[in-house]
Amino acid sequence: MNANSVELEIGGMTCASCANRIEKTLNKLDGVTATVNYATEKAKVELPDGFDPATLIAQVEDIGYSAVLPAPPVAEAPSEGAGAPTEPADPELSSLRTRLLVSTVLAVPVIAMAMIPALQFTSWQWASLALAAPVIVWGAWPFHRAAWLNLRHGAATMDTLISMGTLAAFGWSLYALFFGTAGMPGMRHEFSFALQAGDGSSNIYLEVGAGVTVFILAGRYFEKRSKRRAGAALRALLELGAKDVAVLRPAAGSGTPGSGTEEVRIPIAQLAVGDEFVVRPGEKIATDGVVVAGTSAVDASMLTGESVPVEVGAGDAVAGATVNAGGRLVVRATRIGSDTQLAQMARLVEDAQTGKAEVQRLADRISGVFVPIVIAIAVVALGAWLGVGFPATAAFTAAVAVLVIACPCALGLATPTALLVGTGRGAQLGILIKGPEVLESTRKVDTIVLDKTGTVTSGRMEVTDVIAEEGTDPPELLRLAGAVESASEHPIAQAVARAAAAAPVPERGAQPRGEGSVVESFQNIPGRGVQGVVDGRAVLVGREALLADWAQHLSPRVAAAKAEAEAGGKTVIAVGWDGSARGVVVIADTVKPTSAEAVAALKRLGLTPILLTGDNEAVARRIAAEVGIDEVIAEVLPEGKVDVVARLQGEGRVVAMVGDGVNDAPALATADLGMAMGTGTDVAIEASDITLVRGDLRTAADAIRLSRRTLGTIKTNLFWAFAYNVAAVPIAALGLLNPMLAGAAMAFSSVFVVGNSLRLRRFR
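Residues numbered from 1 in each chain as written. Predicted model: local features only at pLDDT ≥ 70, side-chain atom pairs only at ≥ 80, totals over all residues. Heavy atoms only, no water.

Where an unreviewed UniProt entry is consulted, the protein chain appears under the name Cation-transporting P-type ATPase B, with the organism given as Microbacterium azadirachtae. Recorded under Catalytic activity (unreviewed entry), the UniProt text for the protein chain is reproduced unchanged: "ATP + H2O = ADP + phosphate + H(+)". (UniProt positions renumbered as here; feature names shortened; annotations may be inferred.)

(A) Structural context of the pairing of strand 1 (residues 5-11). In terms of burial, strand 1 is largely enclosed, as six of its seven residues are buried. Across five bridges, the pairing between strand 1 and strand 3 (residues 42-46) is antiparallel. When the sheet's bridge partners are listed, Leu-8 is paired in strand 3 with Ala-43. Taken together, the three bridges between strand 1 and strand 4 (residues 66-68) define a ladder with antiparallel strand orientation. Directly across from Glu-9, in strand 4, lies its bridge partner Val-68. (Buried < 20%, exposed > 50% of the residue type's maximum accessible area, 1.4 Å probe, protein only. Helix = DSSP H or I, 4+ residues; strand = E, 2+ residues; numbered from the N terminus. Pairing = 2+ DSSP bridges.)

(B) Region of the structure containing the pattern of salt bridges. Across all of its chains, the model carries 23 salt bridges by this definition. Here Arg-265 makes a salt bridge to Asp-244, at a shortest N to O gap of 3.0 Å. Residue Arg-265 is found in strand 6 (residues 261-267), and its partner Asp-244 is found in strand 5 (residues 244-250); the two are separated by 21 residues along the sequence. The partner of Arg-653 in a salt bridge is Glu-651, and the shortest N-O contact between them spans 3.6 Å. In this structure Arg-653 comes out as partly exposed when scored by relative accessible area, which is 23%. What emerges from the salt-bridge pattern is a single network uniting Glu-476, Arg-479, Asp-535 and Arg-537. (Salt bridge = Lys/Arg side-chain N within 4 Å of Asp/Glu carboxyl O.)

(C) Unusual backbone geometry, seen in detail. Residues other than glycine seldom take positive phi values, yet Ala-321 does so here, at roughly 75°. Tracing the backbone shows Ala-321 in the loop between strand 11 (317-318) and strand 12 (323-324). On the accessibility criterion, Ala-321 (3% relative accessible area) is buried.

(D) Structural view of helix 22 (residues 638-650). Taking 1.5 Å per residue as the helical rise, helix 22 with its 13 residues ought to reach 18 Å, and the 18 Å between its terminal C-alpha atoms agrees with that figure. Among the residues of helix 22, Pro-638, Gly-640, Lys-641, Val-642, Val-644, Val-645 and Leu-648 are the ones counted as buried. Where helix 22 ends, the next residue or the one after it, Gly-652, has phi of about 95°, a positive value. (Expected span 1.5 Å × (residues − 1).)

(E) Structural context of the confidence of the model for the protein chain. The predicted model of the protein chain has a mean per-residue pLDDT of 80, with 82% of residues at 70 or higher. For the stretch residues 254-258, pLDDT sits under 50, and the model shows six contacts to residues farther than four places along the chain or on other chains. Across residues 355-360 the pLDDT falls below 50, and counting only partners more than four positions away or on other chains, this stretch makes 14 contacts in the model. (pLDDT = per-residue confidence, 0-100. Contact = heavy atoms within 4.5 Å.)

(F) Just the sheet that holds strand 22 (residues 571-577), in detail. The strand order 16-23-22-21-20-19 describes an open sheet built from six strands, whose pairing is antiparallel. What marks the edges here is a single partner per strand, and that holds for strand 16 (457-468) and strand 19 (519-525). Ignoring which end each strand starts from, the neighbouring axes of this sheet average 20° apart. Note: strand 22 against strand 23 (residues 580-591), seven bridges, orientation antiparallel. Among the inter-strand pairings, Thr-571 is bridged to a residue of strand 23, identified as Ile-587. Sheet contacts for helix 17 (residues 491-502): strand 16, strand 22 and strand 23; angle to strand 16, the most-contacted strand, approximately 65°. (Axes fitted to C-alpha atoms, helices over the stretch in contact; angles between N-to-C directions.)

(G) Structural detail: the UniProt feature "transmembrane region" (unreviewed entry) in the protein chain. In the UniProt entry, the feature "transmembrane region" (unreviewed entry) is given for residues 100-118, 124-141, 161-184, 204-222, 366-388, 394-421, 717-734 and 740-758. Secondary structure content for residues 204-222 is 89% helix and 0% strand, while the C-alpha to C-alpha distance between its ends is 30 Å. As annotated, residues 717-734 comprises 94% helix and 0% strand, and the C-alpha atoms at either end are separated by 27 Å.

(H) Helix 4 (residues 124-139), seen in detail. The first and last C-alpha atoms of helix 4 sit 22 Å apart over 16 residues, in line with the 22 Å expected at 1.5 Å per residue. Residue Ala-132 marks the point of greatest curvature in helix 4, where the axis turns by about 35°; the proline Pro-134 follows within four residues. Buried residues of helix 4: Trp-124, Gln-125, Ser-128, Leu-129, Ala-132, Val-135, Ile-136 and Gly-139, and no others. (Bend = angle between axes of the 7 residues up to and from the residue.)

(I) How the structure looks around the nonpolar core. If you look at the biggest cluster of nonpolar residues, it comprises 48 residues, and the most contacted ones within it are Ile-448, Leu-450, Val-658, Met-675 and Ile-690. The element best represented in this core is helix 25 (residues 698-733), accounting for eight residues. When residues are assigned to domains, this core turns out to be shared by domain 2 (92-231 + 355-417 + 714-762) and domain 4 (432-456 + 592-693), each giving three or more. If we skip the residues at most four places from it in the chain, Ile-690 touches Ile-431, Leu-432, Ile-433, Val-438, Thr-442, Leu-673, Gly-674, Met-675, Ala-676, Ala-703 and Ser-707. Counting residues in hydrophobic clusters, the runner-up holds 34 residues, among them Leu-96, Val-212, Ile-216 and Val-400. (Core = buried A, V, L, I, M, F, W, Y, C linked by side-chain atoms within 4.5 Å. Domains from an automatic or database assignment.)

(J) How the structure looks around the side chain of Asp-451. Along the chain, Asp-451 turns up in strand 15 (residues 447-451). Owing to a relative accessible area of 2%, Asp-451 belongs among the buried residues under this scheme. Within the structure, the side chain of Asp-451 is placed 3.1 Å from the side chain of Lys-641, a separation counted as a polar contact. Once residues within four sequence positions are removed from consideration, Asp-451 is found in contact with Val-456, Leu-611, Leu-612, Lys-641, Met-657, Val-658, Gly-659, Asp-660 and Asp-664. (Polar contact = N/O pair within 3.5 Å; in protein donor to acceptor, adjacent residues only side chain to side chain.)

(K) Structural context of a nonpolar patch on the surface. On the surface, a cluster of nonpolar side chains totalling about 240 Å² of accessible area is made up of Val-369, Ile-373 and Ile-377. Looking at the secondary structure, you find Val-369 in helix 11 (residues 362-387). Assessed through its relative accessible area of 52%, Val-369 is described here as exposed. (Patch = residues over 30% accessible without salt bridge, like charges linked within 9 Å, V, L, I, M, F, W, Y side chains within 5 Å. Areas by Shrake-Rupley, 256 points an atom, 1.4 Å probe, with all protein chains shown as cover.)

(L) Region of interest: the packing of aromatic side chains. The full count for this structure, using the stated rule, is six aromatic pairs. Here the aromatic rings of Trp-126 and Phe-178 are separated by 5.3 Å at their centres, their planes lie at 75°, and the arrangement is edge-to-face. Taken together, the positions of Trp-126 in helix 4 and Phe-178 in helix 6 (residues 158-178) put the pair 52 residues apart, joining distant regions of the chain. Here the aromatic cluster, defined as three or more aromatic residues joined through ring pairs, consists of Trp-172, Tyr-175 and Phe-179. (Phe/Tyr/Trp six-rings, centres within 6.5 Å; stacked < 30°, edge-to-face > 60°.)

Okay, here's the thing in structure tokens:
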């Protein structure tokens, strides 16, 4: 973010129209360009020179919302010895949870007494008032406040409808209790479904106000809780880096490691550019730097997507948070803090999340039309009844009945119940869907971008072939190579050792690693391979050049097979002993058994699959051909992946992205639909919209099908929820709606919505 940009954390938004209102307000200021994101609850604002950010906060607060400048990032100044940063508390979420719990406890007996005549003891209506009043006034306060804000700006949303309906029900109940006959001892809600006119002074609607409040609060709470996770990807990214580092300092006396130096472990925040630090095998590299001494293999797959570890030596650049998979390294720090590749990747994820267009909630769009119509009908009914000479009491009864029946009880259940059942069924199938916004994207997706490593492939190097020279037994070749490689920490060496351990040995059955194949005189030859003595044989394993140094040369047949494997993007190591080259072992990142079936299923859904990887072109083409993907984009860095997704979106495509690594997180956040393999990193999972728990690509197709089905169910629920209201409004306007019929209609619409949602449990 440049020097003239600020980011505000916004509070108090209840729907996408709130975000639009704040955005318009800020953009009216001279020289200010603002983008407000409802999902992340943040505003990104470009300011002219000398502009005071306090002015922005004042403008936001003036229209009824809260705004604060964010606290400094945790990664910039962690406390000494501190562990992972804890997630900051969310007062809005806590407030919603408290309102929901208290309102539920109070509303349940109110609804029960209104619907079950057997529970209607003497003066039960006054007990209902005592229980319902806090729910309708205090529990529903967020809706009343939002409705007032909307009214001030000439807008109508779901909040307007909720506030209007609950207050109308409460207000009329107070009138009936204090000025009508509803407050008389012995009053009952009778079971009468006949349409009959009345003055309404004996009817109370407290269960309507309390019930609707609880249903809507529940929906808002679960929505808010899922939105709370929007910033978790950034926190997870910051946690990936090393927490402390062993730097080399001039020794006080005689230094131990190095000449005149000693290792001092310090918090990462105290590391400075130019400091030299030690990275042992298995440790994370603390920050971006240049290798000063040592050679090793570095696993940089989280940053580059390259499945094969990168060999590094003196003078080579390394990136922070990558893993040293081989020998001891001494690294000089060149970039620290917010300048590192990891920090830049965090900014990519944040920018992608902030820039993602938020789908306007369907209920709000419908409410924007429905609310004014309902108010107009209520006003017309009031005027008509008064105009034809009916008493004012009867006229107001009809008008209030219109507002009460329009209160969206089923509407409050439409989305949460479908989401609850759909996401629950998804969890059983290994699919975690984060929120309602996700579903809209699945309907429109036409292109699916698949990361290679860990998504289409297993992400782990495996031996795929052993090619032996004439007269050499392939299992024996693998056994001796595995015995020597078992002493090495290099990931490729470990792949050979695993294969040797799992392979049966002739005449000896299954041979556990190390049994009968102990390596002696082991020596690592940096950048070339390893050598050692196994069963009295001097074995060489590594590059072909290593064998050539000992006058051991592959035959033309094996050399040709080696060249063919390497042309296909595979890694090949040569093996020799007793003065002769004995053959080669082929290692590659293998395709998951279900990937080809998954690609076919995605194509049947009308999606165009694209393989996107940081790996080299040859490897990518081989994998794509194996699973049936025609379009390949290879050798792409993380920021390049974001650019590819953005370019596809620029071509008019709606893009889904499936990935599993840190390097995929920015692209997952940028895509219209991000799907992370549950076997991948926490960062990828947090940046995605859908998590595929099993790590099986076939669940990507299932996820899209389930999401589309769930979205369809929500839309059906919304249609019928409004249809019941619309059908009942004319009856209410004619003054023919008694409380029992209103309650029954509302209950029936709710039962229909819940039943329709439960059909999702049968999804296969």
